[in-house]
Structures are given as C-alpha cells and as structure tokens.
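Secondary and tertiary structure notes
The residues making up each chain are set out below.
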Number of protein chains: 2
Amino acid sequence: MAKGFTKREENYSEWYNELVAKADLAEHSDVRGCMIIKPYGYAIWEKMQAALDKMLKDTGHSNAYFPLFIPKSYLSKEAAHVKGFAKECAVVTHYRLKRADNGQGIVVDPEAKLEEELIIRPTSETIIWNSYRKWIQSYRDLPILVNQWANVVRWEMRTRLFLRTTEFLWQEGHTAHATEVEAVEEAEKILHLYADFAENWMALPVLKGIKTESERFAGAIETYCIEGLMQDGKALQCGTSHFLGQNFAKAFDVKFATKEGREEYVWASSWGVSTRLMGALIMAHSDDNGLVLPPKLAPQQVVIVPIYKNEDQLNQISEKAIEIKKSLEAKGISVKYDDRDTHKPGWKFAEYEFKGVPVRLAIGPRDMENNTVEIARRDTLEKDIVNQDGIAERIEKLLEEIQQNIFQKALKYREDNTQHVDNFDDFKNAIEKGGFVVAHWDGTTKTEEKIKQETKATVRCILFNGNQEAGKCVYSGNPSSQRVVFAKAY
Amino acid sequence: MAKGFTKREENYSEWYNELVAKADLAEHSDVRGCMIIKPYGYAIWEKMQAALDKMLKDTGHSNAYFPLFIPKSYLSKEAAHVKGFAKECAVVTHYRLKRADNGQGIVVDPEAKLEEELIIRPTSETIIWNSYRKWIQSYRDLPILVNQWANVVRWEMRTRLFLRTTEFLWQEGHTAHATEVEAVEEAEKILHLYADFAENWMALPVLKGIKTESERFAGAIETYCIEGLMQDGKALQCGTSHFLGQNFAKAFDVKFATKEGREEYVWASSWGVSTRLMGALIMAHSDDNGLVLPPKLAPQQVVIVPIYKNEDQLNQISEKAIEIKKSLEAKGISVKYDDRDTHKPGWKFAEYEFKGVPVRLAIGPRDMENNTVEIARRDTLEKDIVNQDGIAERIEKLLEEIQQNIFQKALKYREDNTQHVDNFDDFKNAIEKGGFVVAHWDGTTKTEEKIKQETKATVRCILFNGNQEAGKCVYSGNPSSQRVVFAKAY
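This one's a predicted model, so the numbers in the text were calculated from it and none came from an experiment. (Residues numbered from 1 in each chain as written. Chains lettered and ligands numbered in written order. Predicted model: local features only at pLDDT ≥ 70, side-chain atom pairs only at ≥ 80, totals over all residues.)

**Focus: the overall build of chain A**
Along the backbone of chain A there are 14 helices and 26 strands. Judged by the C-alpha coordinates and their principal axes, chain A covers about 80 × 70 × 55 Å. The burial tally for chain A puts 47% of its 490 residues in the buried class. Partitioning the intrachain contacts of chain A with sequence separation of at least 6 by distance along the chain shows that 67% fall at a separation of at least 24. (Helix = DSSP H or I, 4+ residues; strand = E, 2+ residues; numbered from the N terminus. Buried ≥ 20, exposed ≤ 12 C-beta atoms within 10 Å, placed from the backbone. Contact = placed C-beta atoms within 7 Å.)

**Observations concerning the interface of chain B and chain A**
Between chain B and chain A, the contact holds 51 residues from the first and 51 residues from the second. The class makeup of the residues in the side of chain B that touches chain A is 30 nonpolar, eleven polar and ten charged. In this sheet, strand E5 (residues 91-94) of chain B lies alongside strand E5 (residues 91-94) of chain A in antiparallel orientation, the contact comprising three bridges. Across the sheet, residue Val 91 of chain A finds its bridge partner in E5 of chain B, namely His 94 of chain B. (Nonpolar A, V, L, I, M, F, W, Y, C, P; charged D, E, K, R; others polar. Pairing = 2+ DSSP bridges.)

**A few points about the sheet that holds strand E17 (residues 302-306) of chain A**
All names here are of chain A. Spatial ordering of the open sheet is given by E18-E17-E19-E20-E21, a layout of five strands whose pairing is mixed. Edge positions in the sheet fall to strand E18 (335-337) and strand E21 (383-387), since each of these pairs with one other strand and no more. In this sheet, adjacent strand axes meet at a mean angle of 25° when their direction is disregarded. In terms of strand pairing, E17 meets strand E19 (residues 359-363) through five bridges, oriented parallel. Bridge pairing links Ile 304 to Leu 361 in E19. Most of the contacts of helix H9 (residues 311-329) go to E17, to which it runs at about 170°, and overall it touches E17, E18 and E19. Against the sheet, helix H10 (residues 345-354) makes contact with E17 and E19, and its axis sits at roughly 170° relative to E17, the strand it touches most. (Axes fitted to C-alpha atoms, helices over the stretch in contact; angles between N-to-C directions.)

**Things to note about helix H1 (residues 12-22) of chain B**
All names here are of chain B. Of all the positions in H1, only Trp 15, Tyr 16, Leu 19 and Val 20 are classed as buried. One side of H1 carries all its buried residues, which in axial view fall inside an arc of 125°. At its buried positions, H1 is contacted by strand E1 (26-28) and helix H8 (276-285). In the stretch just after H1, Asp 24 is the one whose phi turns positive, near 60°. (Arc of directions from axis to C-beta.)

**Examining the domain arrangement of chain A**
Interfaces are often sized by the amount of accessible area the parts lose when they come together. For chain A, the assigned domains are domain 1 (12-90 + 120-285), domain 2 (298-413) and domain 3 (426-487). Here the C-alpha centre of domain 3 of chain A lies 47 Å away from the C-alpha centre of domain 2 of chain A. (Domains from an automatic or database assignment.)

**Describing the sheet that holds E5 of chain A**
Spatially, E4(A)-E8(A)-E5(A)-E5(B)-E8(B)-E4(B) is the arrangement adopted by the six strands of the open sheet, whose pairing is antiparallel. The open sheet has two free edges, formed respectively by strand E4 (69-71) of chain A together with strand E4 (69-71) of chain B, since each of these has just one partner strand. Across the sheet, the mean angle separating the axes of adjacent strands is 45° when strand polarity is ignored.

**Examining the relation of the copies chain B and chain A**
Expressed as a screw transformation, the operator carrying chain B onto chain A has a rotation angle of 180° and an axial translation of 0.0 Å, and the superposed copies differ by an RMSD of 0.0 Å. Such a turn and shift between the copies fits a two-fold axis. In terms of proximity to the rotation axis, the leading residue of chain B is Val 92 of chain B, whose C-alpha is 2.1 Å off the axis. In this assembly, 100% of the residues forming the interface of chain B have copies in chain A that are likewise at the interface, indicating an isologous arrangement. (Least-squares fit on C-alpha atoms with pLDDT ≥ 70 in both.)

**A few points about the pairing of strand E16 (residues 267-274) of chain B**
Residue and element names in this part refer to chain B. Burial within E16 is extensive, with eight of its eight residues counted as buried. Side-chain alternation along E16 places Trp 267, Ser 269, Trp 271 and Val 273 on one buried face and Ala 268, Ser 270, Gly 272 and Ser 274 on a second face that is also buried. As paired strands, strand E10 (residues 167-177) and E16 are joined by eight bridges and run antiparallel to one another. From the neighbouring strand, His 177 faces E16, where its bridge partner is Trp 267. Pairing between strand E13 (residues 235-245) and E16: five bridges, direction antiparallel. Note that in E16 the partner of Gly 245 across the bridge is Ala 268.

**Description of the environment of Thr 380 of chain A**
Following the sequence through the fold, Thr 380 of chain A ends up in the loop between strand E20 (372-377) and E21. With 51 residues separating them in the primary sequence, Thr 380 of chain A and Ile 431 of chain A have C-alpha atoms 30 Å apart.

**Quick notes on the pairing of strand E10 (residues 167-177) of chain A**
Residue and element names in this part refer to chain A. Counting buried positions over the eleven residues of E10 gives ten, a clear majority of the element. Judged from the ten bridges that link them, strand E9 (residues 144-153) and E10 form a sheet pairing that is antiparallel. Note on E10: the bridge partner recorded for Asn 147 is Gly 173.

**Considerations on unusual backbone geometry**
The omega angle of the peptide bond from Leu 142 of chain A to Pro 143 of chain A is -5°, so this bond is cis rather than trans. Position of Pro 143 of chain A relative to the elements: it lies in the loop between helix H5 (125-135) and E9. Phi at Lys 456 of chain A is positive, roughly 70°, even though this residue is not glycine. Secondary-structure assignment places Lys 456 of chain A in the loop between helix H14 (445-455) and strand E24 (458-463). The phi dihedral of Phe 162 of chain B falls on the positive side, at around 70°, and the residue is not glycine. With respect to the element layout, Phe 162 of chain B can be found in the loop between strand E9 (144-153) and E10.

**What about H9 of chain A?**
All names here are of chain A. The end-to-end C-alpha separation of H9 is 26 Å, in line with the 27 Å expected for 19 residues at 1.5 Å each. Every buried residue of H9 is accounted for by Ile 317, Ala 321, Ile 324, Lys 325 and Leu 328. Around the axis of H9, the buried residues are gathered within 105° of arc, so they sit on the same side. Exposed side of H9, more than 90 degrees from the buried face: Asp 312, Asn 315, Glu 319, Glu 323 and Lys 326 are the residues found there. Looking at the packing, one finds that the buried side of H9 touches E17, E18, E19, helix H11 (365-370) and helix H12 (391-416). (Expected span 1.5 Å × (residues − 1).)

**Overview of the environment of Asp 379 of chain B**
All names here are of chain B. Here Asp 379 is to be found in the loop between strand E20 (372-377) and strand E21 (383-387). Placed 64 residues apart in sequence, Asp 379 and Asn 315 show a C-alpha to C-alpha distance of 31 Å. Residue contacts for Asp 379: discarding those within four places in its chain leaves Val 292, Ile 402, Asn 405 and Ile 406.

Structure, rendered in structure tokens:
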C-alpha cells in the first residue's frame, strides 16, 4: 500500500495529498473546492465530534440549529463582519428551475428571482443574534450557551482537502451574557477546552494565545486561538474563540433588563473548530508509512488478522480471536477481526498500517501451540510476541501508552523546532528553517505586514501568560514588552 | 403554562403551532420557510439521531459527507428526478458581494457569476452516484452502504414547523449493489428498521407498505413507506425507502465487473427520514396539557422538584434529592434536579408538564418525615405517594411502562380509527370522519386522482403482506385483488 507513496521530506505537500487519498479519508468533488469526506475519514471526524460535544455539554452548552440562509441585509449590519466575509459569499438568487424554451436541458427560471438574495452562511453570528433579540428580555434569560454543528461555505480560491475547502463542517458556539467579564471568561474557557481537546484527544500540543489585530475575526474585539505545529515546520490554527463585545447586540438591537431594571446591550462570545482539525491530525502525526492515529480517535483501535493454511487452522484461530475480541470490547476497545479470504495477511498488514490502526494482532498456528499472539504497534512499528493470558489488560495499557507517546513525540518536535531570536537576520534564518520563532515585536500592524512581506511569517499568537520581558522589536528596533510567536502558517 | 393554550378539538392546527412554540421546540426564522430548532427541540432530535444512527451502524452502514452543492447539469441526468425537483430548487448563481457603486449597502458582484449554477441539494442521489462511478470498479467494491446526516433544501410554498420546511435536517442512505435482489432487500430491510425505530423509540405504530406510482420518489422503481396516524385523523408519512433499479447507475454510467468478468450497471437503493419525525412525535402523543414524550426520547426523563419553606428544609431535601438523582443516573436515567429559587414549585410543575418530562418527583418536609416521595407521570397525569426505598427500581420500571402505555394508546387510537368500507358513500363518510380507510381500488392513477379530487384522500400505501382478497373498486367498480389504505394526509 505504501509502495509509490511520496516521503515527507521529498515533498510534504504531495505526501499529504496522497495520504488523504490512499487512506480513504476524503476526495475532491466536481464542485470547485468542495470535498467528499469518505466513510473512514468521516468515522474519525465523528469520534472528534462525539468527544468535543460531550465536553461542551459537560460545561453547560446545548445544541440548536439555525438556518443555512442569511438574508443579504443581515450581513451588512455589522460593518467589520461584512467587510470580512463579502468577498467569499455563495449567493442564492433564484428558487426554481424550468425546462429551457428550446427544450434543451434545464435553466434557471427568471421569474423565480428572490426579492432579497440569500447568502449561504459563512458563519452564523448575524442570523443567531437576530434570533437572540427575541429570546432575551431580562437578565433571567442569560446566559445563553448555544452551539450548533453545521456546514458553512466560504468561497475559497485555493483549496486543500480538510485544510481549506469551500464548504466545511464545524461547530459554532454563540453565547450571550449579562456582563463583559462573563463573556470574556466564556471565550477564554472555551479556548482552554479546545486546547484540552487538542492535547488529550488529538495528541496535539498547542500554543494558547491572542491574535493580533490583523488576524482578528471580522467583528470581534479579541480573538483567542490555539496553534499547532505541523511536521513541515508550518503552524496551523486549530481553533478560535472570540470576545465580540456588544458589537452584534448593537447591530441587532439585543438589549436586556438588568436586575436593577436598567436596559443594556448584551455581551457576546463565539467560537468554532472545523474539519480543518482533520488536516491537523493527519499532518501532525502521520509518517512515510501512512496515517498514524491517536487511539482515542481511531475508528478501529485494534485489528486482528488470522494467519492460516487451511480451514481447520482458521476455525481454531477464529475461536481464539473472537474470544480476544470480546475481552477487548468488554473494556470499551473497538476491534475488527478481519478473516476475509479475499486478501492475504501481508496485504491486510499493509492496509491497516497505512490506515493508522494503532494496534495489530496476528495469530498463526504456532501462536495457537504456544498460547501467544503477535502485537504490532503503529506508532513505533515495533512488534512483540506475547502470552495470550492477560492480553486485554496489556492492550488497554498499550493503547494509553501509544496515545501518550504520540503526544510526547509531537511535543518534542515542537520543542526542537521552537527558536528564540533577537535580531532580524537570525529571525529570517529561523523562519527559513521552519517552526515557531519567538521574538520581540513592536506591536504595530505596519511592522507585522513588513515582516510578512519579507519572510511570509505571521504572528501566530501572543501567548497567554507569556512572560513580560523588555526587549527590542527584531524588525524595527522599537521597544517591546513581550515576545510573540511567529511562523509560516497554513 | 397551559393557560390560554388551545385545545386539540377546538383547533388542532393552532394547538400544534402553540405547542411547538410554548414548549420551546422551534420557531420560524425571518428566512421564508426556514425554521430555528431551539435547544429543547434539538435535544429530542439528537436522541432520535443517536438511536437511529446506532441501528444503521449495527446493520453495517457507515456515515460519509457529500457536498451541499449540486451542479445544475447533474440534476438533469435522470429524467424523472429532475422533473420531480426542478420546481423547488434554491439556486446559487454568484460567489461574491461588493459594496454598491453608490456606497449604499452591499450588492451581488455581477462579475462573480458562476459558469454553471449550483443547486442546493434537495436530495443527493445525483452527486453521490457521480462519486460512486469512481468508487466502484468490480464486485469486490460492492455493496456500498453509506449514509449521511445533512441539511437539504426544497423551496416549499406552504410551510409548517417540522412538518414541511424549506430547509430541513435528515439522514439519507445511498447504497450500491451487485444484484437487483440485494438492492430490493436493502430497501425493504431499511423500511423495517424505520418501522422498528418508530414503534420502539417514538412509540408510534406505523403501517408498512408500498407507494402507488403517483406517490413514488422521482427516479425510483418502487417506494416503500411507513405511515403514522395523527390525533386529528390525518396520516403522516414518516419515512421512505426506495428501490432505484439501475436508473442512477445508467444516468451516471456506474458499471462494475462481475465475478464472471461481465460488465453490468450497479443496482441502487436510497432512503431517508427527517426532522418531520419531530412533527409526528409531537402530533401523535401530546395532549391539551402540552407535550407528551416517550421516555426513550425525552432529554430529561425525570425531574425532581423540592418543596420547602426555609433553607434548612431545602438543605435536607437536597441531600435526599441528590441521592435519588445519583441512584437513577446509575441506571442510565437522565435526571434534572431543579432547586432554582427564582421559580415556585407550582410554576415548575406546569413547566415540566408542558414540556413532557415523563416523570416528576416532588419532595417536601412531610416526605422527609415519612420517607416518601410524590411521583407524577406525564402520560396519565396520575400521582402517587411512594416509599423512598427502592425508588430507582420503581422509576426504571415506570419509565418502561410509560413507553409502552404511550405506544398502546396510539395503537388503540389507530385501531379505533381504521375503517373498512365497500362502497363510495361509506368511503366518503369514513374519510370525512378521519383515520385510515381500507378499501378496494382498481389500481389506476386515474381513479386515484378522481378520489383525491372528490375527497382529498390519497392512497397512503399498499400494505406489505396485505391479504389478497378479490373485490371491487369503491370508486370505479372495477375488479381489485387487494384492499389499500386511504387517508387525508399531511
């Protein structure tokens, strides 16, 4: 399966594309920039959804569903918001097709033109805050902690599977609060929740911080983000959380009566992660043999492959394999027993290795004699022959170990690829080399833009709880009070 | 809460609208025909999704995701299909907005016109079969058993919350098979699965049958359906499953090499249920006091309300309530303990009754003295004072009993409202009265249309395994070999 598979160091981008295709994760559709998420890829996304959904519910959030369509006039109500999204909107103008007058094919019926065009939601702040106006009268109606799982559309010119697609799947939380403090706390709480999810489920260490003004969400007062580092040394923004102030409440006239009877505008946060996380997951951990999945997100955590020469052997092995399967499933571990006779064991080994199944068990006639089983782990590719007794406990522990190992490996990679620099020559060299570059910056958009022009690097984030440290901007030499994190990014 | 709430017999339609609004299930958005599913309504939908998704996975189906957009030309490839959907398509024609030349507001950028218009999927057969062409080469690639959870858009002129909306949520299964027999078996298997779901989760008895030609899905050879009966005597189609023959395989040129090396077109089925089921659930069981939910689909199965005069009493009651809550949760029962001091017990009782929480527990000072608790069940509105000992087992049993009772009540209603008639006068009277009317029909579309014109009744289905019985069509007097089921329908 890995035959003819491009290596990371040969061409990282090509490696990624081939991996996504050959591991059956996703493919391009005929519709520009829209992807098809194939069953294996979708099963990973479902695991991510389930874990994150539970974390959101455990912290008091509920799901709801708002319309796909946003009236064009809504988008215009918040000035920065429309500026940020107008250039990438899919617009519905008609609601009917008809047979062409010449009888050849079907055409849009010009008589079915909408009075007001509808935008396919690029994000739902506007339609949701228009609803909140009706939902909120008094402080008793607050906070509102609502999330939705939905598809959104942003007309992207250059697209890549999972990383940047015209249509993508995501969750978007939209919360309403009585005070500024509460709304800020919510935005920060979610950022920590995202980081927790990235690290403990995706095994991906992330930096937590604040975006600069130029990278802020259109309509936000403050944008918080988590940033991961991919194996080519480029950063990937994995999730954002926004403190929106009263911007949308003012745009949509959403006020509430305080306990004291005053009327005030409502405070807001919004936050989201998307199928882009699939791209992060793939790029952070996978290797030249294919996909590497953290066990917590693997659709199948264990696969068992029988090795046999005749039906008698198969029957005996199957009995044992099913016994092991059951003992694993009793521990909540997902197991596939692959006894298909259409494929040889070697083919199956290659297949599951490429698809990133964390643990592979093989049982042959000699194992039956010796009461053993062969265990292969995907992360290190190590193999071991072990006793069948206590196999379930052993594998349970091994899956935890693999989860930890994948995280530690990614953490070490990040540490090895984080450089502190103090002048612009070192800065340029460090950016050229790749990874996170931690440097002083004078805090101006102008400098940020110059640096981007010259190096393609952007400020990924200003770290939460970053050490205050006096210094000089690597570009302008002007004073700076804190180092920030630069990188080239996806 | 139920004050000023319209009774079913006063105005069933108004009763439904008020119920959906006051129980916080859904509301209209400003976008014509599009609904907002509120958190409480969405929580019920999530329960339905989870149960059905598990049933589909347990029968070998996987989820995937295909694009929201369908190129206009795809829709035209299957003749019957485009005829069925062309008149209700939302059409995307542009991909950018810009500031108006006069500076006033934003307009569609005429330069960002798509070469080919995109249709928002009304259903996904075309885009999926276009992909299957690439996925299927040989019999080894079959069957494909794929499902997707998605939003779809059909531009409806008259809409009602959940029952008929422009955008709705659904699951759509699309399967590909090597033989006709297999594809038919799949379509029938899913129909039985849907019926199982309706009866065992929604507590809704359904008739299983086949649609007449005029009610068939656009592009299907055969459409199977489940039909429920609502409390106003109208039928509601709850789910459909289609045997598509080779229609889409031929339209999209999807062939496979058989075991014997021949090249053949692939056989197909498709099937779906939608948020319309929410409407069925509400209309089948609820009463003049509000929503009635089968326990298996209730977001909260049990609510506990403390009754107290001072903080000391509350503290004692809370300790006991939390103990009971934990013992119930240990049995997998979802419980809310509502100790809010902002609302009185009477208000809470009314609220949970209206929202259909199956079991309400109340604990007051006298209960603490007597080691008792008051149990109220929503379906019968009966109350009982019982001992606190063994309360978890008692409630576990009670929830099962309520689930059964709601089903039996709906079943009795259907039986009481199913009439067999043998002439057209009786037919008209029976239809006027409401319910399912079982009568002979000559099998022609012409007669079906005449009956519809004169009585507004349609053939809901030709029952699976319906008794063969010679008779005469109630309308034309022509021979008939089997009775079919008529009703007025949503």
